[in-house]
Amino acid sequence: MRLYSPGRSWLHRRNPLAKLVAVICLALLVFAVPAWWWLVVPLGALLTLSVTVHNTRQILKWWAGLVLPFAVLSFLLQGLFFPEGETLLAGFGPARLTVEGLEFAALYALRIATILAAFVLFTATTAPSRLMTSLTTAGLNPKISYMVTSGIALIPALNDRAQSVLAAQRARGLQTTGNLAHRTRVLLTVVKPVVFGVLADLEQRAFTLEQRGFGSQVRPTAYSPAPFSAAERAFCVLAPIVTLTFVLVLLTVGRS
């Protein structure tokens, strides 16, 4: 089940490079804000944008599946074992539920949730081929462009391969449901073919890239370049400057 789905939404029509710059700038801002309630607005805006995309249910499913483990772990560790907690709400032996611990856990969980929401939206509305074309057209080395594109598409590709392996094993009569111990054994039988399949793909992709002249010094041209408006070009230049300025201000104010 691939996350990307073609469409004509507002996000689909944006240039991939502009969307990538927005995601990077947002990630920098998210880790610079000092309080959890600062993140409510950007997270709400991202979830609202997901409604404008036709595969909203799939996007929210991916986002929730990625965020939930981080959120649970954050509240268990930071909420109950925060060393700087002073305002005690409840005690459970060595575990101490404090207001400061809950606030830090909420900040950490919302940071991860906001970044993952931006990443999932970006992946769901950006075709890997258009992303690579945009990066190469902007002047980035084709090899680096391919590494960025492959990294973004890695999780959906691994999920597709794992689902294929599970389907093949079910067709052979393997029971994939049951208790935790049985599911763990099933997981181990899935990991091996997935890993070997990825290694085989690496060799095939390396051969394909060599055949397409990725080692050549001649910069390739795009057959179908992605539209890049003047407003998007200006955004790609101004957004990093504004973001870095805002981050420096936040860090300076936080230390004073």
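Bringing the state of the cysteines into the picture now. Inspection of every chain in the model, using the stated rule, returns zero disulfides. Free cysteine Cys25: the closest other cysteine sulfur is in Cys236, separated by 8.8 Å. The class of Cys236 is buried, set by a relative accessible area of 16%.

A few words now on the packing of helix H2 (residues 16–30) against helix H5 (residues 99–125). The contact between H2 and H5 brings their axes to 10 Å, and the two run at 175°. The angle between H2 and H5 places the two elements in the roughly antiparallel class. The segment H2 lies against H5, with Pro16, Lys19, Leu20, Val23, Leu26, Ala27 and Val30 engaging Arg111, Thr114, Ile115, Ala118, Phe122 and Thr125.

Moving on, we get to the pairing of strand E2 (residues 95–98). In terms of strand pairing, strand E1 (residues 88–92) meets E2 through four bridges, oriented antiparallel. When the bridges of E2 are listed, Phe92 appears paired with Ala95.

Counting residues in each nonpolar core, the largest one holds 38 residues, and the members touching the most others are Ile59 and Trp63. Considering every element that reaches this core, the biggest residue donor is H5, with eleven residues. Sequence-distant contacts of Trp63, defined by excluding residues within four places in its chain, comprise Leu43, Leu47, Ala113, Leu116, Ala117 and Val120. Among the nonpolar cores identified, the runner-up in size contains six residues, and Ala162, Val165, Val186 and Val190 belong to it.

For an α-helix, 3.6 residues make a turn, and residues three or four places apart therefore share a direction. Between the first and last C-alpha of H2 there are 21 Å, a value that for 15 residues agrees with the 21 Å anticipated at 1.5 Å per step. Considered for burial, the residues of H2 that qualify are Pro16, Leu17, Ala18, Lys19, Leu20, Val21, Val23, Cys25, Leu26 and Val30. The N-cap residue of H2 is Asn15: its side-chain oxygen and the backbone nitrogen of Leu17 are 2.8 Å apart.

Attention now moves to the confidence of the model for the protein. Low-confidence regions, as indicated by low pLDDT, have predicted coordinates that should not be scrutinised in detail. Of all residues in the protein, 86% attain a pLDDT of 70 or more, and the chain-wide mean is 82. Of all secondary-structure elements in the protein, the lowest mean pLDDT belongs to helix H9 (residues 180–211), at 70, while H2 reaches the highest, 94.

Glancing now at the side chain of Ser74. Topologically, Ser74 is positioned in helix H4 (residues 56–81). Owing to a relative accessible area of 3%, Ser74 belongs among the buried residues under this scheme. Discounting chain neighbours no more than four positions away, the residues touching Ser74 are Gly79, Ala105, Tyr108 and Ala109.

This paragraph deals with the layout of surface pockets. By rolling a water-sized probe across the atoms, one finds the places where empty space is left. Reported here for the second largest pocket is a volume of approximately 430 Å³. In terms of lining residues, the second largest pocket is bounded by 18 residues, among which Trp10, Leu11, Ala22, Leu46 and Leu49 are the most central. Elements supplying a minimum of two residues to the lining of the second largest pocket: helix H1 (10–13), H2, helix H3 (40–51), H5 and helix H10 (230–255). When residues of the lining of the second largest pocket are assigned to their parent elements, the largest contribution, five residues, is made by H2. For the lining of the second largest pocket, the per-class residue count stands at 14 nonpolar, one polar and three charged.

The next subject is the environment of Ala35. As for its placement among the helices and strands, Ala35 is situated in the loop between H2 and H3. Ala35 sits 72 residues away from Leu107 along the chain, and the two C-alpha atoms are 6.3 Å apart.

Glancing now at helix H7 (residues 142–152). Buried within H7 we find Pro142, Ser145, Thr149 and Ile152. Angular distribution of buried residues about the axis of H7 spans 90°; they occupy a single face of the element.

What follows covers the packing of aromatic side chains. Evaluated as defined, the whole model comprises one aromatic pair. Summarising the aromatic geometry, the rings of Trp37 and Trp38 are spaced 5.7 Å apart at their centres and angled 45° between planes, so their arrangement reads as tilted. Exposure remark for Trp37: the relative accessible area of 54% places this residue in the exposed category. Trp38 gets classed as partly exposed once you look at its relative accessible area, which sits at 32%.

For the rest of this paragraph, the subject is the packing of H2 against helix H6 (residues 128–137). Contact geometry for H2 and H6: axes closest at 8 Å, N-to-C directions at 90°. Taken together, the axes of H2 and H6 lie roughly perpendicular to each other. Facing H2, whose interface residues are Pro16, Leu17 and Leu20, H6 presents Arg130, Leu131, Ser134 and Leu135. Its residues placed into classes, the contact of H2 with H6 shows five nonpolar, one polar and one charged.

Calculation rules
Residues numbered from 1 in each chain as written. Predicted model: local features only at pLDDT ≥ 70, side-chain atom pairs only at ≥ 80, totals over all residues. Heavy atoms only, no water. Disulfide = S-S within 2.5 Å. Buried < 20%, exposed > 50% of the residue type's maximum accessible area, 1.4 Å probe, protein only. Axes fitted to C-alpha atoms, helices over the stretch in contact; angles between N-to-C directions. Helix = DSSP H or I, 4+ residues; strand = E, 2+ residues; numbered from the N terminus. Parallel < 35°, antiparallel > 145°, perpendicular 65-115°, else oblique. Contact = heavy atoms within 4.5 Å. Pairing = 2+ DSSP bridges. Core = buried A, V, L, I, M, F, W, Y, C linked by side-chain atoms within 4.5 Å. Expected span 1.5 Å × (residues − 1). Polar contact = N/O pair within 3.5 Å; in protein donor to acceptor, adjacent residues only side chain to side chain. pLDDT = per-residue confidence, 0-100. 1 Å grid on protein atoms, 1.4 Å probe; cavity = no way out; pocket = protein on both sides within 12 Å on 5 of 7 lines; lining within 4 Å. Points joined across faces, edges and corners; volume = space filled by probe spheres on them. Nonpolar A, V, L, I, M, F, W, Y, C, P; charged D, E, K, R; others polar. Arc of directions from axis to C-beta. Phe/Tyr/Trp six-rings, centres within 6.5 Å; stacked < 30°, edge-to-face > 60°.

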